[in-house]
Amino acid sequence: MNSNHSSPANKSAVHKDFDTENLPFHVAIIMDGNGRWAKQRILNRIKGHEKGAETVRTIVRTSREIGISILTLYAFSTENWLRPKAEIAALMVLLKRYLKSEKKEMLDNNIRLNAIGQIERLPEDVKEVLAESMAITKKNDGMLLNLALSYGGRAEIVRVVQEIVKETKEGKVDPDSITSELITEHLYTRGMRDPDLLIRTSGEMRISNFLLWQIAYSEIYVTDTLWPDFSKDEYIRILKDFQRRERRFGKVE
Ligand code: IPE
Ligand code: IPE
Ligand code: MG
């Protein structure tokens, strides 16, 4: 833990310190750096993913604790299917294990689970636990945990275009009435506010096909910390940084 800053270390201190009025409603995170974390330790990349899953637990819990309404985590991209078969298989095993082990936590903490992406491409057994967790948490309204799985921003937009074109052909939609709102209603994230804050770990200054449409006005924070090393303390520091920013949305003050 970094002792050079004054971030609160426990829950009550978090509450005391926070201006809860000014928190991001929706936080999206590109969880990157598991492989590098393992490499630094001369471990197999899979070990990095295992450690990364622990960070997911911490960050989900912290988000719920401090009152984030939507947390979207980029767990697996459409491009990640191009990784070695063994790594993909290990990631799927970890995902299934995570979903099973967090069922109780999600129920106890009033968290609703949702998945965005090409879910149909996931292995059958993963799809089953995912569907079950989503079903049993359906009525929860404390926080929405959105897992981006087999997710790609471009693929999502292609899907939207296909749906809207189909609706225009069927006469349900007039091409002149295609608006930004209509497109938004067709995204996986329909009904959700756009991310206010986008965090990427492990220093890469890129979006990697994440939520292309939705992040138009998101505040971006890139940290060099590798995802397995990402902590509650650092998360809180980033949230405080967000609270100090002036969001202009193209306007003047
Ligand atoms: C993020 O860590 C996890 C996934 C993309 C599934 P990486 O596996 O991309 O780790 P690095 O970027 O190689 O360090
Ligand atoms: C982005 O990380 C995808 C996820 C975190 C799931 P990547 O490691 O796949 O992205 P690149 O290859 O660095 O752009
Ligand atoms: Mg990476």
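Above: the structure in question.
Everything in this summary refers to the structure shown in the same document. (Residues numbered from 1 in each chain as written. Chains lettered and ligands numbered in written order. Predicted model: local features only at pLDDT ≥ 70, side-chain atom pairs only at ≥ 80, totals over all residues. Heavy atoms only, no water.)

**Regarding the packing of helix α3 (residues 45-66) against helix α9 (residues 232-243)**
Okay, so step 1: Look at α3 against α9: their axes get within 10 Å of each other, and the N-to-C directions meet at 45°. When the interaxial angle is binned, α3 and α9 end up oblique. α3 and α9 meet at a crossing whose hand is right-handed. Of the residues in α9, those touching α3 at T58, I59, T62, S63, E65 and I66 are K232, Y235 and L239.
Okay, so step 2: Across the contact of α3 with α9, the residue classes break down as four nonpolar, three polar and two charged. (Axes fitted to C-alpha atoms, helices over the stretch in contact; angles between N-to-C directions. Helix = DSSP H or I, 4+ residues; strand = E, 2+ residues; numbered from the N terminus. Parallel < 35°, antiparallel > 145°, perpendicular 65-115°, else oblique. Left-handed = near helix turned anticlockwise from the far one by under 90°. Contact = heavy atoms within 4.5 Å. Nonpolar A, V, L, I, M, F, W, Y, C, P; charged D, E, K, R; others polar.)

**What about the site of ligand 1?**
Okay, so step 1: Neighbouring residues of ligand 1: 13 residues in total, closest D32, G35, R36, R45 and R83.
Okay, so step 2: A distance of 2.9 Å separates an oxygen atom of ligand 1 from a polar atom in the backbone of G35.
Okay, so step 3: Between R83 and ligand 1, the recorded distance is 2.7 Å, taken from a side-chain N or O atom to an oxygen atom.
Okay, so step 4: Taken by itself ligand 1 offers 380 Å² of open surface, and the protein chains cover 87% of this. (Near = heavy atom within 4 Å. Polar contact = N/O pair within 3.5 Å; in protein donor to acceptor, adjacent residues only side chain to side chain. Areas by Shrake-Rupley, 256 points an atom, 1.4 Å probe, with all protein chains shown as cover.)

**Observations regarding the pattern of salt bridges**
Side-chain pairing between opposite charges can occur once the charged atoms of the two side chains come close.
Okay, so step 1: In this structure the tally under the stated criterion is 24 salt bridges.
Okay, so step 2: Across the pair D32 and R36 runs a salt bridge whose closest N-O atoms are separated by 3.1 Å.
Okay, so step 3: By relative accessible area, D32 is classed as buried at 17%.
Okay, so step 4: The exposure class assigned to R36 is partly exposed, which follows from its relative accessible area of 32%.
Okay, so step 5: Put simply, D196, E219, D241, R244, R245 and R247 are held in one network by salt bridges that share partners. (Salt bridge = Lys/Arg side-chain N within 4 Å of Asp/Glu carboxyl O. Buried < 20%, exposed > 50% of the residue type's maximum accessible area, 1.4 Å probe, protein only.)

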